[in-house]
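Working through the structure, step by step
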Amino acid sequence: MNMLMLIIVALGMICSGVPGLFFHRRSAAGQRLGAAINVAAAAVGMAVVLFHDILPMAAEVWHPAGALPMGKVALSLDDLGAWFLLPIFLISALGSIYGLGYWPQRKHPADGRKLRLCWGLMSGAMVLVVLAANSIWFLMAWEIMALSGYFLLTTEDGKPEVRQSGWVYFIATHLATLCLIAFFVLLRVYSGSFRLWPTEVAGLPAGPLAALFLLGLIGFGFKAGLVPLHVWLPAGHANAPSHVSSLFSGVMLNMGIYGIMRVVVIAGRPPIWWGVVLISAGVLSAFLGITWALAQRDFKRLLAYSSIENIGIITTGLGLAVLGLSMNHPIWVALGLGGALLHMLNHSLFKPLLFMGAGGIMHGANTRDMESLGGLAARMPAVFRLMLLGSAAIAALPPLNGFVSELLIYLGLFYTLHGSTAAPWIAWVIPVLAMVGAMALMTFVKLTATCFAGQPRTAAAAGAHDPDAAMLGPMMLLAAACVLVGAFPVLLTGLLDHAIAAWVPWPQSPSLAGIFNFWWITAVAVPLLIGTAGIAWWIHHWRRGVREKGVGTWDCGYAAPGRRMQYSGSSLMQTMAWMFRRILWRREKLPEVRGIFPPAADYACNTPDPLLDRVAEPVLKKIGNILESARILQSGAAQLYMLYILLIVLILLLIK
Amino acid sequence: MKTLIAISLQVVLLALLPPLLLGIINKTKAWFAGRRGPPLLQVYYDLLRLMKKNVVISSTTTWVFLAAPLVSVISVLLAGLMVPLGPMAAPIHFTGDLIMFAYLLALGRFFTTLAALDTGSSFEGMGAAREVTFACFSEPALFLVLLVLVKLSGTPSLSAMLLSASHVRIGSTASAALVLAAVSLFVVLLAETSRIPVDDPNTHLELTMIHEVMVLDNSGPLLGAQIYASSMKLLILAAFLLHVVLPLNPALVGRDWGIMLAGLVAVAVIIGAVESLMARLQLRFVPTLLVAACLFSGFGFLLIL
């Protein structure tokens, strides 16, 4: 019954963009209908998932009458999957409401309908990815998600940079799918069935097991955006409409994490090196992600790189849990996996909030370059408050949600220091994470300050204004969720414990609530929140009395400080940019000073993705040149292509 | 009953003691310079005077500017309730409080730097930039110190590990690790509380501006709150350092409160001496100093692995 509900929900989401196709290209009705379907589907879906414990539905398999050639349709849901469904429902619904204000059909008659069709397809496909209990169905849902994602990213396909970033995404997602096809074929070979999660490949020799792990890690790592597989992510997120970025960053990256989480337990107890690889990849992604984020001028690219950082933190937690499995430490498993899952949910709350805020800024000021903004706090007070809260949450500051999950991961890492078989080498991750945390704080101080503080640097920023309720409403909801999870994390411990139990291949799973007392977080968070509320009240009543009109900032006696003289985001991170110049690998054009009276000179600097810019693109270009010779086969005649297919099928039959 | 007294003593000391430490530092510096210096309680008088004053607020600023000093006070106060000032466990102590402690200090930094940038002044922007940049290097140093302490005490809770750090036998490997951690922590303390050789608390001039320049536009009670918060941070970190260094015995409560208070005075005198005897580092060498602090505690951690 519950499974049937979820299938209806997924189908509803998939079809939510269809009615819009039949309305006039400037009519808002189709869009409202689509949003309504999404919201209703999400509400039903959330209800099913949250009450899933009361109405159990362990591994229900749905058999339609006519079986398809590749086996029966099999869908199932366990508590781990349920945890992943929550953000899909939430962001899909909130994003489509946000779209009403951000991407109204009236203003986007050309691409609004395409966007909503693919939005529904992608959200529904992600639900099916989580539900799939058969590798063929998994791959089909996966491809629907990936391809509709492509059309979402290239919503504004008239712009060359959008097509360019879409193209990179397209290549990356195909490479990922190639790895996954290989992974599932191997899985079929070794387990003997297409059945998924849990699969039974226990007792495999080390070689094939390693191949399975690496293929899965690379395939899913592409989606999750682990460094160095992240090359598609920054430009893709930056060039998409903001609610699409929030769906990608807040939900689709989770699907990669979902896959990795399933892969690491395919063989029961994982080998130790799996955990080491995951922790290394996680720390590398976290560190490089935040370093690159810090250097960005485009605030959407900054947010995209910060997603890489957060995925890195999640992967570190997961790696700790995997090590806990291999070395038999239930505490590491509970804190590592619990922290990873909670951080993933938290990232699905604050990152969409920030992307929606970024959309609000673009809506108001029409630029993605934060150096031409400034002074928006007075012009967009609502967006400012929400972005400030989101920034504090993502910088893991108490009393907000990001802090809770980072605390769990840190604590798990601290626990590696003692016990019977302590592994203190893992703990060296802690100072690196601490540095990442401090850099994240710096990044988000830079983001909020450069956009919102001081005075507007351009006329566009000076004329900005708050967006309407359709855009602010979803952001407020996400912000409220950030505060709620941050102050009362105890609300989620039940669900988390169930999800951990579903993942752990042990008969008895560790309980998070038994290891860490979540009420202490509430005990500190509540005074902090009350204090903040008190401050807000005091400011409200006190400020009018003392603010003297016409008094500007103290300018140290300099008579004509200009708006352009304010400290910019680039100057804020100047020292760091210099220290990490080898990691940032920027493209810089220094002015040339020549002669006694040097003429006007200019300086330019931009920070493209170093891996894409210096490694992936040149290498791919070379490969492309080599493959040019294979063009002979590509005549363009459909008949010839059919002939190829015929020949290949014939050869395959002969081999068999 | 004993715990109740300890808790109230801790709260009272946490609230009242911080400005005194600044007074002692200033007195020490005056002594080194051959001056008589301001009275010991001068910072208290300054705070009282500031509380009565009116406030001038730049028209560029928003509510963040007003909120920041108060958020700093609240977050530092809460962090202070997690560090035992005396030989008894702190009022707030739980497994994992050390992370809460570090991030509460970060919360204060987040708001202070935002408020500085809120004024739109490039001077204050410079201070904010330096503050967040140096934090990227002092934070790992702090966490490496925490690693040493967690490894030695076997528990990730501030009160438990700080109190058990006192039991280490002098001359053992563990004590060597603690000495290295203490050096590292002292550098972190100097950086976090904006003292020489990282920052000069006496001036907001261009070359040194970090903390003082960030609060350049603050006046009246807002400035008072900032001074109070930063002096409280000094007290907390000094108490943290003392627990790493001093052999305390929780059984002798009366004696050890005395030792701790004497220790706080000593730390203030040492800071004053450092400020008098050293020149401020060039800004570009500050990260080098902090990396050195990381290395000290990193080697300390290696010793006890």
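Note that the structure is predicted; figures quoted are calculated from it, not measured.

1. Quick word on the overall build of chain A
Helices and strands together make up the secondary structure of chain A, namely 27 helices and 2 strands. Scaling as 2.2 N^0.38, a compact globule of 656 residues should have a C-alpha radius of gyration of about 26 Å, and chain A matches this with 26 Å. Dimensions of chain A, computed from the C-alpha atoms along their principal axes, are close to 85 × 65 × 55 Å. A total of 656 residues make up chain A; the buried ones form 57% of that total. Partitioning the contacts of chain A with sequence separation of at least 6, the portion at a separation of at least 24 is 80%. Just so you have it, chain A exposes about 25,600 Å², and 69% of that area is on carbon and sulfur atoms. In chain A, 42 positive and 27 negative side-chain charges are present, and the distance between their average locations comes to 5 Å.

2. Brief notes about the interface of chain A and chain B
At the junction of the two partners, chain A supplies 66 residues and chain B supplies 72 residues. Roughly 6,100 Å² is buried in total at the junction of chain A and chain B, and carbon and sulfur atoms are behind 80% of that figure. Linking chain A with chain B are 0 salt bridges, by the criterion used here. Scanning the region where chain A abuts chain B turns up 4 residue pairs in polar contact (both at pLDDT 80 or more).

3. A few points about helix α8 (residues 173-192) of chain B
For α8 of chain B, with 20 residues, the first-to-last C-alpha span of 28 Å sits near the 28 Å given by 1.5 Å per residue. Phi for S194 of chain B, located one or two positions after α8 of chain B, is positive at around 55°.

4. Thoughts on the domain arrangement of chain A
Where interface size is given, it is often the accessible area lost as the parts come together that is meant. Residue and element names in this part refer to chain A. Under the domain assignment used here, chain A contains domain 1 (1-168 + 232-264) and domain 2 (271-537 + 568-584). Here the C-alpha centroids of domain 1 and domain 2 sit 24 Å apart. Of the residues lining the interface, 38 residues belong to domain 1; the matching set on domain 2 comes to 47 residues. At the junction of domain 1 with domain 2, the criterion picks out 13 residue pairs in polar contact (both at pLDDT 80 or more). Going through the elements one at a time, α4 (79-102), α9 (233-239) and α10 (242-263) are the ones with two or more residues in the side of domain 1 that touches domain 2. Here the side of domain 1 that touches domain 2 gets 15 residues from one element, more than from any other, and that element is α4. A class-by-class count of the residues in the side of domain 1 that touches domain 2 yields 25 nonpolar, 10 polar and 3 charged.

5. Examining the packing of aromatic side chains
For any two aromatic rings, the description comes down to two numbers: the centre-to-centre distance and the angle of the planes. Residue and element names in this part refer to chain A. For the coordinates displayed, the defined rule picks out 32 aromatic pairs over all chains. An angle of 35° between the planes, with centres 5.3 Å apart, marks the rings of Y98 and Y102 as tilted. In this pair, Y98 and Y102 are both assigned in helix α4, 4 residues apart and thus about one turn of the helix distant. Take Y102: its relative accessible area is 8%, and that puts it in the buried class. Seen from their ring centres, F213 and W274 are 4.4 Å apart, and the 10° between their planes marks the pair as stacked. Taken as a pair, F213 in helix α8 (residues 206-224) and W274 in helix α11 (residues 272-294) lie far apart in primary sequence, 61 residues in all. For the pair F213 and W274, a shared accessibility class is recorded, and that class is buried. Linked through ring pairs, F138, W142, F183, F184 and F220 together constitute an aromatic cluster.

6. Quick notes on the packing of helix α15 (residues 381-394) of chain A against helix α5 (residues 97-118) of chain B
Direction vectors running N to C along α15 of chain A and α5 of chain B enclose 140°, while the axes themselves pass 11 Å from each other. Between α15 of chain A and α5 of chain B, the angle falls in the class oblique. Handedness of the crossing formed by α15 of chain A with α5 of chain B: right-handed. Together, L388, S391 and A392 of chain A of α15 of chain A and F110, F111 and L114 of chain B of α5 of chain B make up the contact between the two elements. Residues of the contact of α15 of chain A with α5 of chain B, tallied by class, amount to 5 nonpolar, 1 polar and no charged.

7. With respect to the environment of V44 of chain A
Residues and elements named next belong to chain A. Looking at the element boundaries, V44 is found in helix α3 (residues 29-50). For the pair V44 and L496, spaced 452 residues apart in the sequence, the C-alpha separation amounts to 21 Å. With near-sequence residues (within four places) excluded, V44 lies in contact with M5 and V9.

8. As for the packing of helix α1 (residues 2-15) of chain A against α3 of chain A
All names here are of chain A. Between α1 and α3, the least distance of the axes is 9 Å, while the angle of their chain directions is 155°. As summarised for this structure, α1 and α3 are arranged roughly antiparallel, according to the angle between their axes. Considering the relative orientation of α1 and α3, their crossing is left-handed. Of α3, the residues touching α1 (which contributes N2, M5, L6, V9, G12 and M13) are I37, N38, A41, V44, G45 and V48. Tallied by class, the residues present in the contact of α1 with α3 amount to 8 nonpolar, 4 polar and no charged.

9. A word on the pattern of salt bridges
Here the idea is simple: oppositely charged side chains can pair when their charged atoms come close. All names here are of chain B. Applying the stated criterion to the full structure yields 16 salt bridges over all chains. Among the salt bridges present, the one from R109 reaches E192, with a minimum N-O distance of 3.6 Å. Highlighted residues: R109 in helix α5 and E192 in helix α8, separated in sequence by 83 residues. Each member of the pair, R109 as well as E192, is classed as buried. Ionic contacts of the salt-bridge type, sharing partners, join the residues R109, E139, E192 and K233 into one network.

10. Re unusual backbone geometry
Here the bond from P398 of chain A into P399 of chain A is cis, since omega is 5°, no more than 30 degrees from zero. Within the secondary structure, P399 of chain A is located in the loop between α15 and α16 (401-415). For the bond running from I196 of chain B to P197 of chain B, omega is 10°, close enough to zero to count as cis. Despite not being glycine, N328 of chain A shows a phi value in the positive range, around 65°. In this structure, N328 of chain A sits in the loop between α12 (299-327) and α13 (330-365). A positive phi angle, close to 60°, is found at A396 of chain A, a residue other than glycine. With respect to the helices and strands, the residue A396 of chain A is situated in the loop between α15 and α16.

Basis of the calculations
Along every chain, residues carry numbers that run from 1 in the direction the sequence is written. Labels follow written order: the first chain is A, the first ligand is 1, and so on. Where local features are concerned, this predicted model is filtered to residues with pLDDT of at least 70; where side-chain atom pairs are given and counted, the filter is 80 or more; whole-chain, interface and lining totals use all residues. Note: side-chain values were computed over all heavy atoms of the structure, leaving out hydrogens and water. Counting from the N terminus, the helices are the DSSP runs of H or I reaching at least four residues and the strands are the DSSP runs of E reaching at least two. To get the radius of gyration, use the C-alpha atoms; to get the globule rule, take the number of residues to the power 0.38 and multiply by 2.2 Å. For each residue, the accessible area found with a 1.4 Å probe, counting protein chains only, is set against the maximum for its type, and the residue is called buried under 20%, exposed over 50%, and partly exposed in between. Contact between two residues is taken to exist if any of their heavy atoms lie within 4.5 Å; hydrogens are not considered. Each accessible area is a Shrake-Rupley estimate made with a 1.4 Å probe; only the visible protein chains count as cover when residues are assessed. Working convention for charge: Lys and Arg count positive, Asp and Glu count negative, and His plus the chain ends are omitted. To locate a charge, take NZ of a lysine, CZ of an arginine, CG of an aspartate or CD of a glutamate. Joining two parts hides part of their accessible area as seen by a 1.4 Å probe, and the buried area is that hidden amount summed over both. For salt bridges, the criterion is a side-chain nitrogen of Lys or Arg within 4 Å of an Asp or Glu carboxyl oxygen. Here a polar contact means two N or O atoms within 3.5 Å. Within protein one must be a hydrogen donor candidate and the other an acceptor candidate, and residues neighboring in sequence count only if both atoms are side-chain atoms. Every helix has an expected span of 1.5 Å times one less than the residues it contains. All domain edges in this entry derive from an automatic or database-based domain assignment. In the scheme used here, Gly and all other residues not listed as nonpolar or charged are polar, with Ala, Val, Leu, Ile, Met, Phe, Trp, Tyr, Cys and Pro taken as nonpolar and Asp, Glu, Lys and Arg as charged. Stacked, tilted and edge-to-face pairs are distinguished by plane angle, under 30 degrees for stacked and over 60 for edge-to-face with tilted covering the rest, among Phe, Tyr and Trp rings (Trp via its six-membered ring) whose centres lie within 6.5 Å. Orientation is described by lines fitted to C-alpha atoms, with helices fitted over the stretch in contact, and by angles between N-to-C directions that extend from 0 to 180 degrees. The scheme is simple: roughly parallel for angles under 35 degrees, roughly antiparallel for over 145, roughly perpendicular for 65 to 115, oblique for anything else. In this scheme the handedness of a crossing depends on how the near helix is turned from the far one: anticlockwise by less than a right angle means left-handed, clockwise means right-handed.

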